[in-house]
Amino acid sequence: MVAKVSRLLVLGPNRDSNEAVTTSLRKLCGNIDASAKDPDATSLSLETKYYQAHVQLHVHEVRDNAPEPALQHELDDYEAILCVVNAEKYENFLHVQSFAKQIVDILPYDVCLLVSHTSSATLESVKKMESWCQENGFELISLDATSDDRSVIDEKRGVSRVLEALQCTMWRSMKRNFPSKTERGAILCEKEESNRNNVVTKTLANTKLVDDDAFVDTLEQEMSGDGVLKGGEGDDIDLDQLSAFISEVRTVRDHGAFLSDEKRRERAAEVALKLWNVLGTDDNGGDSDD
């Protein structure tokens, strides 16, 4: 089976700026690939709590809306687009805007990012870029903002926000992370605890029945009639066993006055467990449909 390949298209008029952004991304991921043979197709290894994905970075310098070198793949072979410009020089953005628009008009990716230095840019330039992004489905990310400057709790800024957006992409190459032994152990412990809680709940419910005269009288009436008692799974109940159980219930109740509350509850719980077994109580605890 051929492994699926994920590709991120990176476009920008300045090679150094393009490299600076991709290098920062790889540093954040902790996977600088110094051995990459092709500088225009470096790699980015994304990893989250839920998945891992190996993404190729296809970096192209764009001048006058023409990529250099030319794109080596069809547009649908890429899964996201990242444009790197400098708003301090608005003509820098003009080199890329038409080409980027042509791409997303043909194939709008889930993640379309425009990153730029904006600290020294004019307000007019930034407004124009914001307007273009809104019209073409891009997110404008300032490279000058850092996570320390955030005004909203846990909001990522700068390159950290770029990485966050990329991590939210359903990459074709993604592989699911399976729980570690520790995590699997925690899940099993949680299930066992839930099962124990179910047993305790049912035992307490049946303990109340042990103290219920009407319930015991009803069982005796059913035993003396022609009807057949049914268990929780629809099986016939052993009437001899049930008769012995009822006698034990009455003994517990008759002698309960001479026991402490704690001892009486312990004896009632023991008898309740026997009731549970005799009646074949459904482990799922759900009511059957008529």
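The preceding data block contains the structure.
The model shown is predicted, which means the values in this text are computed figures rather than measured ones.

Here is what the cut-offs are and how they apply
Residues numbered from 1 in each chain as written. Predicted model: local features only at pLDDT ≥ 70, side-chain atom pairs only at ≥ 80, totals over all residues. Heavy atoms only, no water. Buried < 20%, exposed > 50% of the residue type's maximum accessible area, 1.4 Å probe, protein only. Helix = DSSP H or I, 4+ residues; strand = E, 2+ residues; numbered from the N terminus. Pairing = 2+ DSSP bridges. Right-handed = clockwise from strand over helix to strand, strands pointing away. Salt bridge = Lys/Arg side-chain N within 4 Å of Asp/Glu carboxyl O. Phe/Tyr/Trp six-rings, centres within 6.5 Å; stacked < 30°, edge-to-face > 60°. Lys NZ or Arg CZ within 6 Å of the ring centre and 35° of its normal.

Draft legend 1. View of the pairing of strand β5 (residues 80-86). Where burial is concerned, most of β5 is hidden: seven out of the seven residues are buried. Neither face of β5 is open: one carries Ala-80, Leu-82, Val-84 and Asn-86, the other Ile-81, Cys-83 and Val-85, and all of them are buried. With four bridges connecting them, strand β1 (residues 6-12) and β5 associate as parallel partners. Paired with Leu-11 across the strands is Cys-83, a residue of β5. Pairing geometry for β5 and strand β6 (residues 111-117), over seven bridges, is parallel. Bridge pairing in β6 places Leu-82 opposite Leu-113. In this region the chain leaves β5, passes through helix α2 (residues 90-106) and returns to the parallel neighbour β6; the handedness of that crossover is right-handed.

Draft legend 2. Main features of the pattern of salt bridges. With the rule as written, the count across this model stands at seven salt bridges. A salt bridge links Lys-101 to Asp-105, with the nearest nitrogen and oxygen atoms 2.9 Å apart. Here Lys-101 and its partner Asp-105 are both found in helix α2, four residues apart, which amounts to about one turn of the helix. Three or more residues are tied together by salt bridges with common partners; here these are Arg-15, Glu-61 and Arg-63.

Draft legend 3. Region of interest: the packing of aromatic side chains. Counted according to the given criterion, the structure contains three aromatic pairs. Where Tyr-90 meets Phe-93, the ring centres are 5.6 Å apart and the plane angle is 50°; that geometry is what we call tilted. Remark: Phe-93 and Tyr-90 occur in helix α2; sequence separation between them is three residues, near one turn of the helix. Judged by relative accessible area, Phe-93 falls into the buried class, the value being 1%. For the ring pair Trp-132 and Phe-138, a centre distance of 4.9 Å and an interplane angle of 45° mean the geometry is tilted. Counting every residue linked through ring pairs, the aromatic cluster contains Tyr-90, Phe-93, Trp-132 and Phe-138. Of note, Lys-128 hangs over the ring of Tyr-90, and the distance from its end group to the ring centre comes to 5.2 Å.

Function-wise, these values are silent; they only describe arrangement.
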